[in-house]
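Understanding the architecture of this molecule
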Amino acid sequence: MPGAPFPAAYTIRLNMFKKTLVCLDNSDWSVAASNAAIALASAFNGETVGCHVYAARLHDDRFRSMEPSLPPRYQNEDELSRQRQVHDSLITKGLQVISDSYLSAFLAMAEGAGVKAVGVSREGRNYAELLKETSETNSGLVVMGAYGLGANDQRRIGSVCERLSRNLSVDCLIIKDARPAFAKGAILATAIDGSPESFAALCAAIELGRAFGCRIHAIAAYDHLYHVRAFRSLAGVLSEEAGRLFRFKEQERMHEEVIDKGLAKLYQDHLDTAVDIGGQAGVEVAPTLLAGKPTDEIIRYCASTKAALLVMGRRGLHSNDSSIDIG
């Protein structure tokens, strides 16, 4: 039943794949993001927009802020005016030429794949202009590298990527390495916690899996030691009398026997639902229940299985405040 619809409650907006915006800066991650965006557009008969932002005014402001520190021979107004014109010619026009070169390379990639694409240059603050471009082009998905040309080894994610992902109102695909994310047989891991966002992420993964022949793994992680740590912490501060009033030993036993085991059952139920959703869509979903700190366990799982892509909701089950930008 490869064409079966998703359950009504978890139907995703398939038009998210119809128009993608990809952020360009000619870094290795940007090139990989371009390949991913073009692959999506090809698979879903969509189109993609390549956007590069350059900051000519920022360079101009910085140049002017340096003028007081220039040698005396540059301090008369005529010489300063000439230097400003030279700087404008070299920097502003140069940045425009560089931007055009990035766009030309991207458009050539898209043309080679038979994908409809346009290229856009914008001037200004990078993440702010990318947000505007996403809105103005009505893009359903933003594809970007986790890092850019200014990458360093001290960050898990680049500053532009972080600011953009926190402020986007649409879904985003973040590329962290150059491997094809959608190769046939690749693992798409989906983090499930029972929230509507996590099941929407599963449905997106299933749709990608059907399009590219990827395997779908649903993973759920719960912290079985949280309550143990909490009770050990309490044991050190409760007086003997307070311990009797709190019925400490009884509470500890109840948590071990009921709550911790109940958490395992609860998350297994979420995985069973994920398997059912996959079955209704004609896709096999392989479930795995993990015990431990969720972030650490999910990262370990993805590393051990060499998953090509992790698909997850922006917020989880306990984020009931929609104003929170990310879980």
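In this text, all values refer to a predicted model and were calculated from it rather than measured experimentally.

Counting 49 residues, the largest nonpolar core has L40, V143, L173, F182, L202 and L208 as the members making the most contacts within it. Secondary-structure elements contributing two or more residues to this core are α1 (28–43), α3 (77–112), β4 (141–145), β5 (171–175), α6 (196–212), β7 (215–222), α9 (248–280) and β9 (309–311). Of all the elements, α6 adds the most residues to this core, at 8 residues. L21, V142, L168 and V170 belong to the second largest nonpolar core, which has 12 residues in total.

So, about the packing of aromatic side chains. The geometry of an aromatic ring pair is captured by the separation of the ring centres together with the interplanar angle, meaning the angle of the planes. All told, the structure shown has 4 aromatic pairs when counted by the stated rule. Measuring from centroid to centroid gives 5.1 Å for W29 and Y147, while their planes differ by 65°, and the two rings are edge-to-face. Here the residue W29 occupies a position in helix α1, and Y147 occupies one in the loop between β4 and α5 (159–167), the gap between them amounting to 118 residues. Residue classification places Y147 among the buried positions, given a relative accessible area of 17%. For the pair Y222 and Y267, a centre-to-centre distance of 6.1 Å together with 25° between the ring planes defines the contact as stacked. Of this pair, Y222 sits in strand β7 while Y267 is found in helix α9, placing the two residues 45 residues apart along the sequence. The two residues Y222 and Y267 agree in class, both being buried.

So, on to the side chain of S34. Tracing the backbone through its elements, the reader meets S34 in helix α1. If sequence neighbours within four positions are ignored, S34 has contacts with V22, L24, F106 and M109.

Backbone hydrogen bonds are what pair the strands of a sheet, in a parallel or an antiparallel way. Strand order in the open sheet formed by 5 strands is β3-β2-β1-β4-β5, and the pairing between neighbours is parallel. One side of each edge strand has no neighbouring strand; the edge strands of this open sheet are β3 (116–123) and β5. Neighbouring strand axes in the sheet, compared pairwise and without regard to direction, differ in orientation by 20° on average. Looking at chain direction, β4 and β5 are connected through 5 bridges and run parallel. Bridge pairing in β5 places V142 opposite C172. Across the sheet, α1 touches β1 (19–23), β2 (47–54), β4 and β5, and the angle it forms with β4 is around 150°.

Turning to the sheet that holds strand β6 (residues 187–191), a few remarks are in order. Read from one edge of the open sheet, 4 strands run β8-β7-β6-β9, paired in parallel fashion. This sheet does not close on itself; its edge strands, each paired only once, are β8 (285–291) and β9. Averaged over all neighbouring strand pairs, the angle between strand axes comes to 25°, with direction disregarded. As paired strands, β6 and β7 are joined by 5 bridges and run parallel to one another. Paired with A189 across the strands is H217, a residue of β7. Contacts between α6 and the sheet are confined to β6, β7, β8 and β9, with β6 contributing the most and set at about 170° to the helix. The sheet contacts of helix α10 (residues 294–305) involve β6, β7, β8 and β9, and relative to β7 the element is tilted by about 150°.

Cut-offs used in this document
Residues numbered from 1 in each chain as written. Predicted model: local features only at pLDDT ≥ 70, side-chain atom pairs only at ≥ 80, totals over all residues. Heavy atoms only, no water. Core = buried A, V, L, I, M, F, W, Y, C linked by side-chain atoms within 4.5 Å. Buried < 20%, exposed > 50% of the residue type's maximum accessible area, 1.4 Å probe, protein only. Helix = DSSP H or I, 4+ residues; strand = E, 2+ residues; numbered from the N terminus. Phe/Tyr/Trp six-rings, centres within 6.5 Å; stacked < 30°, edge-to-face > 60°. Contact = heavy atoms within 4.5 Å. Pairing = 2+ DSSP bridges. Axes fitted to C-alpha atoms, helices over the stretch in contact; angles between N-to-C directions.

Distances and angles like these do not, on their own, reveal function.
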